[in-house]
Amino acid sequence: MALLDIKELHATIDEDDGAKAILKGIDLTIRPGEVHAVMGPNGAGKSTLSNVIAGRPGYTVTQGSVTYDGADLLEMEADERARAGLFLAFQYPVEIPGVATATFLKTAINARRKAAGEPEIEALDFLKLMKSTSKRLGVPEDMLKRPVNVGFSGGEKKRVEVLQMAMLEPRLCVLDETDSGLDIDALKVVADGVNALRAPDRGMLVITHYQRLLDYIVPDVVHVLADGRIVKTGDKTLAQELEAKGYAEFTGAAA
Amino acid sequence: MSATLTDVLPLAPDEQALGRDEPGWLADLRRAGLSVYRARGLPTVKVEAWKYTSLSGLTKIPYVLDDGGVALSEGGDRDALALDDAWTVTLVNGRPVGVPDELPDSVRVDHLSRLLEDEPETLEPHLGRIADLADAPMGSLNAAHMTEGLVILVDDGVVLDRPIHVVSVTEAADGARHMHPRHFVVLGEAADVTLVESRVCAPGADATLSNAVQEIRLGERARLRHLRLVASGEEAVDLDLTEAEVGAEAAYEAFTLTLGGRLVRNETRARLRGSGAAARLRGAYGVCCGQHVDTTLVVDHAVPDTTSDQLYKGVVDAQGRAVFQGKIIVRRDAQRSDGGQLHKALLLAPDAEVDTKPELEIYADDVKCGHGATVGDLDRDQVFYLMARGIPEAEARALLVEAFLDDVVGAVPDGPLRAAFLGAVRRWQAGRHAATWEA
Ligand SMILES: Nc1ncnc2c1ncn2[C@@H]1O[C@H](COP(=O)(O)OP(=O)(O)OP(=O)(O)O)[C@@H](O)[C@H]1O
Ligand SMILES: [Mg+2]
């Protein structure tokens, strides 16, 4: 069974003066173990797709379906989706003053456990997990005492997104431009972190503008998303092609 | 006019009996109080200082004056803050029950009634001399009625290493009662005390009207941390007027957390009477379900070189109403006064309401004074971010509410005290969610 099955997905963004169509018929299937990359020009609808998958308010699905592990994802609240194993690494992680990152992580882990009928994580186990994961991802432990994303640099925010992902062990990872803002060394560390999560039962949707990330996280499938549609699908060589030629061919076709 | 007078004066004492067998100064004080109350009646929104809080509804409730016959009931968790390491004294309907033992000799904690009876001269310099009640109808009514309360007198130079905890319990009585406790805290020079006060309600206690006045006087270089939890009963009307007179280089640091009561008014007035005096008035409130919580602050910079700051944050949920009135007065020669005020409210439901009234009365020219106020909703991107990590919406919102209150609750000293206040906030949040889900 597919892990994620998107069929004919149309979605609009709610605006004050009506709705604006952004996704105009997306078909995408991710099977367990697969890594799919989505590339495409600015404004094509990549973040919209990831937000609709994650259940962010402000969007309306007007047509089509999204099935996750056999269940109708669109019927689930954002928190249920997350507890069911979905993880979105945000393009723009949100700052939350007053909530320490460590508290936030623990609350998230326990929310999952509670829903699964498991006891809360032992304080010591949590500390160990946080310590080892932050070490692996090059996140200074001090940072986790600070409020969520507040005062973190762009690259630090992205690292912490991947740290969260590693600690929550999702089944479907959606990474929205996790590489943007990372320096060259950080890109490698973060990519290693993502690769460590590659597993036969886990799927990934990696949104990026750059071939470089895909040198580290080698995708099984590459899609080009332009003007709300997937206009081309290929293997990893498609990414190299795009790097060389740009999107002119697709934006022209879409216009 | 006379018809209205009887209407609005159901709480007044019998004038004939007023001040009988008492020293002249005390009898005069009572008569002056009664005449102010008579002239003004129960405050309504027509009075500027009560612009958003009317007490006219109180005339509908047949309150009877509390005669002290109510005992502390068994069982139940009265001590909402559960402070282990404190000198605790319990009040029932405003009347002290015993006093803590093992207090150092330099600290006197006593019953107002005992002092009025046996040594009124001890109180004469303080009683009615700290709080200026001429413009306060309810405070004046308190002056006419008061017979009981707690008196705390601390000698010069005494530094207490544990807090004094006043647990003020409302107990059930036959029918609705009104009570008018009067409390005193007088710190000598360089004394340093933490006073914690929790106003709580026994389960099933009837509707009560508590109309308290606290008079606080801080000698030179004294410091009082005054931490309060107001968790009054669901039907309780809880009015408190606290006036603190702050001497040179002394500091009055208040933190008031209001979470319960039908109608609560916490009026705090700080008069900075000596150079270098400081007042920090902080607080937080959580209001919902038909509650009305009024915070009224007045800081009076009476002399040069004094500082004050007011920081209040509140959360208002469905059918709650909050009022914040903050005034800063800078007298003509109070040069180099530094006063700040900030009030932030979070409205969690469309039918939540908050009214904010900042007032600056500045007569000096070399001053630094500012105020700010914001009213907002929870940030929906923040709620989504937490939910996207699997945290249920109610829990996400509770976490954000706690985060919103984080800096102001940070005014409570770190350690068991802060943990106790934070615990009260969390219980309030949990109870509120339970209530929402039931509805
Ligand atoms: N809240 C919003 N209100 C109105 N329009 C929006 C809103 N959010 C996104 N859009 C529009 O929707 C379109 C798709 O945006 P989206 O963020 O999905 O693009 P993207 O492919 O992720 O682009 P990028 O590569 O720049 O991140 C854009 O035209 C954008 O301007
Ligand atoms: Mg985007």
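Residues numbered from 1 in each chain as written. Chains lettered and ligands numbered in written order. Predicted model: local features only at pLDDT ≥ 70, side-chain atom pairs only at ≥ 80, totals over all residues. Heavy atoms only, no water.

By the naming in an unreviewed UniProt entry, chain B goes by Fe-S cluster assembly protein SufD and is assigned to Rhodospira trueperi. Regarding chain B, the UniProt comment filed under Sequence similarities (unreviewed entry) reads as follows: "Belongs to the iron-sulfur cluster assembly SufBD family." (UniProt positions renumbered as here; feature names shortened; annotations may be inferred.)

Chain A is annotated in an unreviewed UniProt entry as Fe-S cluster assembly ATP-binding protein of Rhodospira trueperi.

Novice: Just give me the short version of the site of ligand 1, but keep the residues and values in it.
Specialist: Residue and element names in this part refer to chain A. In the neighbourhood of ligand 1, 15 residues make up the surrounding shell, with Gly-43, Lys-46, Ser-47, Thr-48 and His-209 lying closest. Thr-48 places a side-chain nitrogen or oxygen 2.5 Å from an oxygen atom of ligand 1. In this structure, an oxygen atom belonging to ligand 1 sits 3.1 Å away from a side-chain N or O atom of Gln-91. Calculation on ligand 1 without its partners gives an accessible area of 640 Å², and the protein chains cover 65% of this total. Where the shell around ligand 1 is concerned, the elements lending two or more residues are strand E1 (4–15), strand E2 (18–30) and helix H1 (46–54). Ranked by residue count, the leading element in the shell around ligand 1 is H1, at three residues. (Near = heavy atom within 4 Å. Polar contact = N/O pair within 3.5 Å; in protein donor to acceptor, adjacent residues only side chain to side chain. Areas by Shrake-Rupley, 256 points an atom, 1.4 Å probe, with all protein chains shown as cover. Helix = DSSP H or I, 4+ residues; strand = E, 2+ residues; numbered from the N terminus.)

Novice: Mind laying out the nonpolar core, listing which residues take part and the relevant values?
Specialist: Residues Leu4(A), Ile6(A), Ile26(A), Ile53(A), Leu257(B) and Phe421(B) are the most contacted members of the largest nonpolar core, which totals 120 residues. With nine residues, helix H7 (residues 393–409) of chain B is the single largest residue contributor to this core. Trp87(B), Ile216(B), Ala244(B) and Ala279(B) belong to the second-largest nonpolar core, a separate cluster that totals 36 residues. (Core = buried A, V, L, I, M, F, W, Y, C linked by side-chain atoms within 4.5 Å. Buried < 20%, exposed > 50% of the residue type's maximum accessible area, 1.4 Å probe, protein only.)

Novice: Got a sec to walk through the sheet that holds strand E13 (residues 251–260) of chain B? Specific residues and values, please.
Specialist: All names here are of chain B. An order of E3-E2-E6-E9-E11-E13-E15-E17-E19-E21 is seen for the ten strands of this open sheet, with the pairing classed as mixed. Whereas interior strands pair on both sides, the edge strands pair on one side only; in this sheet they are strand E3 (95–97) and strand E21 (367–376). The average undirected angle you get between the axes of adjacent strands in this sheet is 15 degrees. With nine bridges connecting them, strand E11 (residues 223–231) and E13 associate as parallel partners. In the strand pairing of E13, Leu-229 is matched with Leu-257. (Pairing = 2+ DSSP bridges. Axes fitted to C-alpha atoms, helices over the stretch in contact; angles between N-to-C directions.)

Novice: How would you sum up the pairing of strand E9 (residues 172–176) of chain A? Please name residues and give values.
Specialist: Residues and elements named next belong to chain A. Counted residue by residue, E9 has five buried out of five residues, so it is predominantly covered. Pairing between strand E6 (residues 86–89) and E9: four bridges, direction parallel. In the sheet register, Ala-89 faces E9, and the bridge partner there is Leu-175. Looking at chain direction, E9 and strand E10 (residues 203–207) are connected through five bridges and run parallel. Considered in E10, the bridge of Leu-175 is made with Val-206. Where the polypeptide runs from E9 across helix H6 (residues 184–197) and back to E10, its parallel neighbour, the crossover connection is right-handed. (Right-handed = clockwise from strand over helix to strand, strands pointing away.)

Novice: Pulling in residues and values, what's your account of the packing of aromatic side chains?
Specialist: Under the counting rule described, the total for this entry stands at five aromatic pairs over all chains. Judged by centre distance (5.6 Å) and plane angle (50 degrees), the rings of Phe90(A) and Phe384(B) are tilted. Residue Phe90(A) is located in the loop between E6 and strand E7 (96–100), and its partner Phe384(B) is located in helix H6 (residues 380–387); the two belong to separate chains. Accessibility classification places Phe90(A) together with Phe384(B) in one group, the buried group. Summarising the aromatic geometry, the rings of Tyr312(B) and Phe324(B) are spaced 5.6 Å apart at their centres and angled 45 degrees between planes, so their arrangement reads as tilted. One end of the pair, Tyr312(B), is in strand E17 (residues 307–316); the other, Phe324(B), is in strand E18 (residues 321–330), with twelve residues separating them in the sequence. Looking at Tyr312(B), the relative accessible area reads 4%, which means it is buried. Here the aromatic residues Phe90(A), Phe104(A), Phe384(B) and Tyr385(B) are joined through ring pairs into a cluster of three or more. The ring of Phe404(B) carries the charged tip of Lys313(B) above its face, separated from the ring centre by 4.7 Å. Against the face of Tyr385(B) rests Arg389(B), its NZ or CZ located 5.0 Å from the ring centre. (Phe/Tyr/Trp six-rings, centres within 6.5 Å; stacked < 30°, edge-to-face > 60°. Lys NZ or Arg CZ within 6 Å of the ring centre and 35° of its normal.)

Novice: Outline the interface of chain B and chain A, supporting the account with residue identities and numerical values.
Specialist: Contacts between the two partners involve 18 residues from chain B and, on the opposite side, 31 residues from chain A. Here chain B packs against chain A, burying approximately 2,000 Å² in sum over the two surfaces, 68% of which is carbon and sulfur. The three residues of chain B that bury the most area against chain A are Phe384(B), Tyr385(B) and Arg389(B), which together make up 40% of that side's buried surface. Taken together, chain B and chain A are joined by two salt bridges. Among the salt bridges present, the one from Arg389(B) reaches Glu161(A), with a minimum N-O distance of 2.7 Å. At the boundary of chain B and chain A, one finds nine residue pairs in polar contact (both at pLDDT 80 or more). Within the residue set of the side of chain B that touches chain A, elements represented by two or more residues are H6 and H7 of chain B. (Contact = heavy atoms within 4.5 Å. Buried area = accessible area lost by both parts, 1.4 Å probe. Salt bridge = Lys/Arg side-chain N within 4 Å of Asp/Glu carboxyl O.)

Novice: Can you lay out the sheet that holds strand E11 (residues 221–226) of chain A for me, pointing to particular residues and giving the numbers?
Specialist: Residue and element names in this part refer to chain A. Spatial strand order, E6-E9-E10-E3-E11-E12: six strands in an open sheet with mixed pairing. Of all strands in the sheet, those with a lone pairing partner are E6 and strand E12 (229–234), marking the two edges. Each neighbouring strand pair of the sheet contributes to a mean axis angle of 20 degrees, computed without reference to strand direction. Bridging between E11 and E12 involves five bridges; their strand directions are antiparallel.

Novice: For the coordination of the magnesium ion (ligand 2), give the residues involved together with the corresponding values.
Specialist: Residue and element names in this part refer to chain A. Those protein atoms acting as donors to the magnesium ion (ligand 2) are Ser-47 (OG) and Gln-91 (OE1), and they sit at 2.0 to 2.2 Å. With Ser-47 in helix H1 and Gln-91 in the loop between E6 and E7, this residue pair connects regions lying 44 residues apart in the sequence. Ser-47 gets classed as partly exposed once you look at its relative accessible area, which sits at 22%. What makes Gln-91 buried here is its relative accessible area of 16%. (Donors = N, O, S within 2.8 Å, 3.2 Å for Na, K, Ca; no water.)

Novice: Describe the state of the cysteines, naming the residues involved and giving the relevant values.
Specialist: On inspection of all chains with the given rule, the structure shows zero disulfides over all chains. The thiol sulfur of Cys201(B) is not disulfide-bonded, and the nearest other cysteine sulfur, from Cys288(B), lies at 16 Å. (Disulfide = S-S within 2.5 Å.)

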